[in-house]
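What follows is each chain in one-letter form.
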Amino acid sequence: MKKMKNTESADIFSWAGTDIDRVAVILDLWTCETEFLESKVELLNCYYEAYQHTAGSEERFALARVITDIMHSRPHLDLKQDYFVQVYRAEIDCLQSHQQLIRNILDHQIDKQRQYLQRIWRDDHKGSFYDYGLLPNFTPKHLVSLGGSRLALLNVFLLELHPSLCLVSAVYHGLVQAHTELCHLHRETSSTHKLCLRQKLLQQALQSWRDLPPPGSSYSAQIQKDLFSDVFFEDPFLVQNVGLTLVRSAAEKEMMQGREKEAYAVETFSKLLELVTIRHRLLESASETAHLAQLYRNVASELGFDEFHLYLRPLQFEVAEQKYKTEQSPVFITAILEDDSCVDRFIPSHLPLSIQELDENQIGRFSFSSEESVTHLLNRHSLENLQVTLACQVTQKNALMSAVKLVCLCHWAESETSLAESERVDVLSDKDVKFDSKPESNIKNSSPSKGSGRTPATLKKRFMEAFVSIQLEKCGLRDKMLNSFMEKKRAMGGLIKTPEEAAKIKRRLIIDFLNKFSTQISQYCVRAQIVAYYYSLSSILEEVPSVRQSHFMIGQASDPRVTLNSGGDPCSDQRTSHCQQQLLSPDGKTLQNLWCVPHFSEVLHMFKTLHVSACAAALHHTLQIASALHDIMYYLVSFSRLGNIDDSFSCRRGEEAPGALSADWGGAEGIGAELQELQHQVGCLSDPSSPQSVSRVLQLRRNVLLLQFDTAVRNLIREEFLSSGDVASYQSVNDNMVTALSLLSNSIQSHLISLTLPVPQPLQTPGCQARTMYPWRSFLACHGLFPLHVWDVPPIEYCMQLCLSGLSDRSRLQANAAILGVSLLMEDILNSGREAEPVRLYGNKDDLLHNGKQEEEDKLCTETEEEEEEKASVSESLPLLQGPIRVLSVLRGFLLLMKQLQVFKESWARTHLGVQVFTTPSLYQQFVKLYRAEIFYPSMRALARHMGKEQDYEVLLSGSQSLLPPPGASEGDVKTWQLHKLLESAECDMIRAVQRRISRETTLVISERTRHHTRLPTDLWKTSSVKYSFSSERPQMVETFIQQLMEGAEEAEGQLRVSQDRLQQSLTQLSCSVMERERHSFLLHSQFYEQILQQETQLLYHTEQDLKHLQTSQASSSQKKVSDVCRGLMLEVSALQAQVAHLEEEKRAQEERLSLKFKERYEPLMRHLCSTCIQLQGRLDEQQLQMKLDVSEMVSRIRGEGVDRMIKLKKKYGCTKDNDGLKLTQLQKEEVDELQQENRRLSVLICKLKTLSRWRKLVDQEKLHRQLLRAQQKEITSRCEALRVKMTAEEEVVLLQEELEAARKELTQSQTECSRTNNLLDRKTEELRVAQHQSAQDARGRQELDSYRVQSLEQMKADVEERERQLRALSEQLDRGSRMNQIHRQRSAKEIQQVRGKLQQERSFKQEAFQQVDRLQIQVNDMEAALSRSTSTTGQSRTYYTMSVSRLSATSPSAGLHRAAQQSALQLGSLTDDATLQDLAAEQRQQRAETARSRSHARIERPKADPTRLRVLTAETSLPDL
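## Notes on the packing of aromatic side chains
For step 1, the next point in the chain: A complete count under the given rule lists 19 aromatic pairs for this structure.
For step 2, the next point in the chain: On the basis of an interplanar angle of 90° and a centroid distance of 5.5 Å, the ring pair of Phe-552 and Trp-595 is categorised as edge-to-face. Of the two residues, Phe-552 is situated in the loop between helix 17 (545-551) and strand 3 (553-554) and Trp-595 in the loop between helix 19 (576-580) and strand 4 (596-597); the sequence distance between them amounts to 43 residues. Judged on exposure class, the residue Phe-552 and its partner Trp-595 are both buried.
For step 3, the next point in the chain: On the basis of an interplanar angle of 40° and a centroid distance of 6.2 Å, the ring pair of Tyr-924 and Phe-927 is categorised as tilted. You can see Tyr-924 and its partner Phe-927 sitting in helix 33 (residues 921-947), three residues apart, about one turn around the helix. Comparing Tyr-924 with Phe-927, the two get one shared label, buried.
For step 4, the next point in the chain: Among the aromatic side chains, those forming a connected cluster through ring pairs are Phe-36, Tyr-83, Phe-84 and Tyr-88.

## Looking at unusual backbone geometry
For step 1, the next point in the chain: The phi angle at Arg-187 is positive, at roughly 55°, despite the residue not being glycine.
For step 2, the next point in the chain: Its place among the elements puts Arg-187 in the loop between helix 5 (168-186) and helix 6 (191-210).
For step 3, the next point in the chain: Phi is positive for Phe-607, which is not a glycine, with a value near 60°.
For step 4, the next point in the chain: Within the element layout of this structure, Phe-607 appears in the loop between helix 20 (600-605) and helix 21 (612-641).

## Remarks on a nonpolar patch on the surface
For step 1, the next point in the chain: Taken together, the side chains of Leu-1154, Phe-1158, Tyr-1162, Leu-1165, Met-1166 and Leu-1169 define a hydrophobic patch exposed on the protein surface, amounting to about 600 Å² of accessible area.
For step 2, the next point in the chain: Here Met-1166 is to be found in helix 39 (residues 1117-1213).

## Observations regarding the packing of helix 5 against helix 6
Describing two packed helices takes the angle between their axes plus the distance from one axis to the other.
For step 1, the next point in the chain: Here helix 5 crosses helix 6 at 130°, and the two axes come no closer than 10 Å. When the axes of helix 5 and helix 6 are compared, the pair comes out oblique. The hand of the helix 5/helix 6 crossing is right-handed. Packed against helix 5, whose contacting residues are Leu-175, Ala-178, His-179, Leu-182, Cys-183 and His-186, the element helix 6 presents Lys-194, Leu-197, Arg-198, Leu-201, Leu-202 and Ala-205 at the interface.
For step 2, the next point in the chain: Its residues assigned to classes, the contact of helix 5 with helix 6 shows eight nonpolar, two polar and two charged.

## What about the pattern of salt bridges?
For step 1, the next point in the chain: Counting across every chain of the model gives 33 salt bridges.
For step 2, the next point in the chain: A salt bridge links Asp-710 to Arg-714, with the nearest nitrogen and oxygen atoms 2.8 Å apart. Of this pair, Asp-710 and Arg-714 are both found in helix 24 (residues 691-724), four residues apart, which corresponds to roughly one turn of the helix. Accessibility classification places Asp-710 together with Arg-714 in one group, the buried group.
For step 3, the next point in the chain: The closest approach of N and O atoms between Lys-899 and Asp-710, which form a salt bridge, is 3.7 Å. A residue pair is termed long-range when its members are at least 10 positions apart, and Lys-899 in helix 32 (residues 884-913) and Asp-710 in helix 24 qualify at 189 residues.
For step 4, the next point in the chain: In this structure Asp-710 comes out as buried when scored by relative accessible area, which is 3%.
For step 5, the next point in the chain: Among the ionic contacts, a cluster of salt bridges with common partners joins Arg-380, Glu-384 and Arg-507.

What counts, and at which threshold
Residues numbered from 1 in each chain as written. Predicted model: local features only at pLDDT ≥ 70, side-chain atom pairs only at ≥ 80, totals over all residues. Heavy atoms only, no water. Phe/Tyr/Trp six-rings, centres within 6.5 Å; stacked < 30°, edge-to-face > 60°. Helix = DSSP H or I, 4+ residues; strand = E, 2+ residues; numbered from the N terminus. Buried < 20%, exposed > 50% of the residue type's maximum accessible area, 1.4 Å probe, protein only. Patch = residues over 30% accessible without salt bridge, like charges linked within 9 Å, V, L, I, M, F, W, Y side chains within 5 Å. Areas by Shrake-Rupley, 256 points an atom, 1.4 Å probe, with all protein chains shown as cover. Salt bridge = Lys/Arg side-chain N within 4 Å of Asp/Glu carboxyl O. Axes fitted to C-alpha atoms, helices over the stretch in contact; angles between N-to-C directions. Parallel < 35°, antiparallel > 145°, perpendicular 65-115°, else oblique. Left-handed = near helix turned anticlockwise from the far one by under 90°. Contact = heavy atoms within 4.5 Å. Nonpolar A, V, L, I, M, F, W, Y, C, P; charged D, E, K, R; others polar.

That's the geometry; what it means functionally is another story.
Put into structure tokens, the structure is as follows:
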């Protein structure tokens, strides 16, 4: 028993699939989902921070859409993959790459914005009216992070705002569009391949952003300075100063005042604005041209062409020469490979502007880098030159885009063509192997395979035909332009008077050149679009092979020489098949085969030999036919796919889902019927071979199909769901159609550029006047941020699937019935035979009153008259509503009318019911009742009155319960009158709304003026109330300040005088009031936010308590027991389900076995019955033949008897007529009888042969049946054996799992031991690593010490050598000084000897002088003594004075001689000392100065003396100088 229990538990576990580690799977799912959500949050934070900087409502809505898309993005799991982790990893990688890209872009934009703000607010000017329109400045204080704790972008300051960050939504849309185009080009349908493409795209975008060069780096330095430099023209104040300076100078020179000055100022600043716009567009075009030029170079290098095809050698107008051969023949690039003599191999060092290739000296000379250059550009001629420059650059950009687009699309078309050809070759080779036994068929089947194969050289040469040489396309046109300039110059006498005239002629010629070049290069863009449409059509037809084989003819790669040499002559017998494989005739004027899908190589060469205008017209017709036919086919296939149900189980098993189209939605038969109807409509045209008429019919048919689906989704499908009470389906369709139907129509999609640069009101964006007055803005609004698409095919299937994506099978059937209902309405319109057209505004023939929609085929302002003429001609030639164009036009008008009616009906419902969407069926029933009462019934009464059947209509309404239209009224009239009534109601509602608003605002103003309390009237003007609100008191600061100021003011002579103290006191009181007001406001706000925080805290606390109670309850033992029981029950249920499936499989096998046994049992009986039936059939046939034989014999016998009787009667009555005719007839009848008998015998033989063949067939069937029964028995036996083996294998698996569990336990123990050992080993290894690291550090320290020691020794050695060098230099200087000193000493000794000799002579002279002085003194004394005795008192005093003087004179020379002697002694002593020579010289100079001063003083103080005395004194005083 125990063993049986173990076996049963093992069976339960095996049947329940417990070998799958569900916990690990859930853990992987949890981990992947967590990482995915974290990456998504990081990306959302980047967009959310940009959202915080956005100010406009439209920009915020665009960013909110992007954030919502990212929030709802989920990983697209592929059930064919082994595990889901790979998809999650790829999705996380995409989110991280996306986040890094957006973060880098936004950080860069923030840095640029800060630099720009610092530039424009550098002077910190405030309050000037010139600041209007500038971005707000920021205060660099208080850094904050808008993304919370995680840093998403750069930290910004508290008051920092950058509204330009809203443009990040354009980056997201650009990435989405690029991914969509890549998926279309690669034809990727699986989610895994699409995810890989998106991953590669984001990685490439991130790498391109990191390697992004600065703007203008491809151009020369001069162009970067003149055009791309932001030194001057990027500063708004400098540009503004230019305009103000011009206005000021003009006003001073011409004495302008008043309106004249204002008009001149407006004109000047208009020119400045035009200049700014032209520079912006020129910068944008030049940057895009540089990027496209790089792509063009890459394409040229891949195809084997050189770079010089991009450039044209600059040639000025003045130096050009006459060229007589300027007619440009069609350019075939493959001929250039053989003979490239016509190509100029000029390659400049930098990428030039397009105008520089035509005229660089005059038209292309401009600069935005200085005030003088900008001032020079502000005149009419310079602005026209800049406009021509911009036109040249835009044309060059478009040419490069056309060339790159054509090569790209041809590359994908060639890849698909080569793949199809390789598959065809494989199929033919398989046929060769299959029919190898027949040599003749082998030869026949092998030859096409060889002919269909393409060598790589042929494929490359065929692909090279798509290359476009810009140089060759420009060269001939430029030669014509230069010849025209020379002709005009000769016509003016060879001399142009002024440069302005020359510039005017050049501008006209350049514009003519650009028009011709644009017409010529646009052909390549049209060819690229044709290739794209037929490439997409081929991919659609591959999925519907039956339609492709029955209706279409797929073109093959053709030799371009055959296409070009076919000329314009009619097709001969030899080229009949070739002509049938062409869409249009070689001259482009005749439709040959509408269902031909040409190869891209044929598209590249079609109509190339025609004139440029004829070629452009033919290509335009081809594009119209191709686009319309593609959209029709795409719609039909997409509509048939709406009924397909994906078999998810088969997908999980790895099988492919069935690709057959649903028959309920048309299927292949419905598509074929639609195409036949289209062919019938084309055949009913007055000229079925006219491309214009055929394209018109196809375009109308395309519009009717799309409008039919649009009308069904907007009107009938939603009404059907609401009427049946299916609100969920209604909500799904209502939400999805907003995005899907706008893509299917030709409505203008709103985007950031159209919001920032809109077309001024009331002009319509696509209107004629808008395109004429504001061409650039109208173009941006119509075509959006990305006007240049590589893939122009509309996503029809995506939009149709999106509309019905959330519906169940039953709801889809209802939708199908609604679409059929639209078809019935269209048939009723055609059967009524009346016109139906949408409502138009009076005086506006271009724009429809249909939510901004337009008629796609009405070429605005240019083709309206042509269309009316065409309609008139058709109506004259055919009966009413019989021509295809007329029929389709009426259907289109009716569908547009229904669309208008639905739009206004929804608007009326929003106005009268106050709801945006019907959420309940009762609400919809209320709307229906109200609509019938207020709109339908009055409009039908008005229609009946208009038809003159008002009384009949009243009688009809009185006798029926439902509202019906008047009898005889068509569906178009009913819709039109309802729409008129809705328009009247809308007009009345608008008038009432305006009146209510005027009344409300007037009441608010009056109530505000009559209020008496001090609070602000915020409760009057606020739109909605909040739960926690506060009302601030109205501050009385201004009134109080005025009152205090007036109290101390004195009025005198009409003036108020306020003292300084009073003013200071009032200002102090005002500042205190302001601070009090701020404090009070802060308290109010803090209380307000504290209340909100308290409420949120309470809610959070209650939530936490609930979670805590829930966790506690879950952690209880009873819950654990219940969970264990539930787990066991789940295992038992899983095992029982598996066993039930196994028993059902056994039951099915047993039933098959029993059926085979019954077949074996009743087989002899059935065989005997069949043989009996065959015998009876044979006898019955024999009986019939015998009966026919007897009857024929009786008839022949009776006929013979009759003939004999007739002959006897003739003889009896004497008839003279011959009886040869009767005999002849009898003979013929006898022959016929013999032939019939022979025929009967042959029939008997045939019956016997049939019987024999039936018997043989029955025997063969019996043999085959027995073999089939044996095979089925073997199959059943083998199936049972396989089941038994499976059961045995599962038991073995269970045993092996038990052994595996035991082995796992042992392995766990060994892993534990191993981990312990590894830990010990790691610890020892770590210790060893630490020791090794320490020893390495010691060795490194020793090495560093040794190196430092060596460096120190080297440094010391260098220092010693330096010092030795210095010592040697000093010793040399010392030796030189000693020699000089020795020479100086010798010279000094000689001078001393000379001085000694002179001193000896002077000494002898002085001694003689002293002696003479003594003698003279004695004489003077004697004379004084004699005079003293004879003089009086006066004489005594004089004698005293004389004696004193003489005494002084006597003593002074001796003192001077003493000093001189001492001086000379000192001098002699010092001269002997070599070390004090310089001191001696200084002392001598000082002594000379003192001697001079004493000499001057002596000259002033001493009395006059005789000359001898003076001479002696002078000699004495001059001695020290020696």
